[in-house]
Amino acid sequence: MPIRTASARWQGDLTEGSGTVRTGKGGLQGNYSFKSRFEEGEGTNPEELIGAAHAACFSMAFSKQLADAGATGTSVETTAKVHFDKTDAGMTVTRIDLETVGQAPGLDEAQFAKLAETAKENCPISRLLSPGAQISLTARLAS
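About the cut-offs
Residues numbered from 1 in each chain as written. Predicted model: local features only at pLDDT ≥ 70, side-chain atom pairs only at ≥ 80, totals over all residues. Heavy atoms only, no water. Helix = DSSP H or I, 4+ residues; strand = E, 2+ residues; numbered from the N terminus. Buried < 20%, exposed > 50% of the residue type's maximum accessible area, 1.4 Å probe, protein only. Contact = heavy atoms within 4.5 Å. Lys, Arg positive; Asp, Glu negative; His and termini not counted. Charge placed at Lys NZ, Arg CZ, Asp CG, Glu CD. Core = buried A, V, L, I, M, F, W, Y, C linked by side-chain atoms within 4.5 Å. Pairing = 2+ DSSP bridges. 1 Å grid on protein atoms, 1.4 Å probe; cavity = no way out; pocket = protein on both sides within 12 Å on 5 of 7 lines; lining within 4 Å. Points joined across faces, edges and corners; volume = space filled by probe spheres on them. Nonpolar A, V, L, I, M, F, W, Y, C, P; charged D, E, K, R; others polar. Domains from an automatic or database assignment.

## A short note on the overall build of the chain
Here is step 1 of the chain: Along its length, the chain carries four helices and six strands.
Here is step 2 of the chain: Along the chain direction, N to C, the helices and strands of the chain fall in the order β-β-β-α-α-β-β-α-α-β.
Here is step 3 of the chain: Burial analysis of the chain (143 residues in total) assigns 31% to the buried set.
Here is step 4 of the chain: When contacts within the chain are restricted to residue pairs at least 6 apart in sequence, long-range pairs at least 24 apart make up 49% of them.
Here is step 5 of the chain: Between the mean site of the 14 positive side-chain charges and the mean site of the 17 negative ones, the chain shows a separation of 7 Å.

## Topic: the side chain of glutamate 47
Here is step 1 of the chain: Turning to its location among the elements, glutamate 47 is positioned in helix H2 (residues 46-68).
Here is step 2 of the chain: Look at glutamate 47 and you get buried, because its relative accessible area is 6%.
Here is step 3 of the chain: Not counting chain neighbours up to four residues away, the residues in contact with glutamate 47 comprise Arg37, Val82, Phe84 and Val93.

## Some words on the nonpolar core
Here is step 1 of the chain: Counting residues in each nonpolar core, the largest one holds 24 residues, and the members touching the most others are Phe58, Phe62, Leu66, Leu107 and Phe112.
Here is step 2 of the chain: Of all the secondary structure elements, the ones that give two or more residues to this core are H2, strand E4 (75-87), strand E5 (90-103), helix H3 (109-122) and strand E6 (134-141).

## A short note on the pairing of strand E3 (residues 29-33)
Here is step 1 of the chain: Pairing between strand E2 (residues 18-23) and E3: five bridges, direction antiparallel. If you follow glycine 19 over to E3, its bridge partner there is tyrosine 32.
Here is step 2 of the chain: The antiparallel pairing of E2 with E3 creates a hairpin that spans five residues between the two strands, and glycine 26 there sits at a positive phi of about 80 degrees.

## What to know about the layout of surface pockets
Here is step 1 of the chain: Approximately 300 Å³ is the volume found for the largest pocket.
Here is step 2 of the chain: A class-by-class count of the residues in the lining of the largest pocket yields four nonpolar, three polar and two charged.

## Considerations on the domain arrangement of the chain
One frequently used descriptor of interface size is the decrease in accessible area upon assembly of the parts.
Here is step 1 of the chain: Each domain of the chain was delimited in the assignment, giving domain 1 (4-36) and domain 2 (45-139).
Here is step 2 of the chain: Computed from C-alpha coordinates alone, the two centres of domain 1 and domain 2 are separated by 25 Å.

Here's what the structure looks like:
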């Protein structure tokens, strides 16, 4: 398997500085700052990027679970809400709430939810993050 890369550059001090972040092949690129991370400023932040990675990984893992069950999903859309909280150890990603909606003809809600839970447990990014952060999942079939 190839090794994936990303890079970041920061200039200035913590509160007034700014930076850029880029994935290795340039698919994602953005600006980040103290305000975009700790307030509501323009730009991205590491927690959003973790959320994007988690949502993408989960959606792919879920698609595989659906196919393995013989119910090819026609679409899977996932949002990851990353909670970044102050703890005794400092600022910490404490929880990620995955919310997924999908179309999978032939499955009922219970089957869909069970396959989604299996995908959550087996998604490589979930496995990476779950020792330190609680991961919840809400899954529903699209109407």
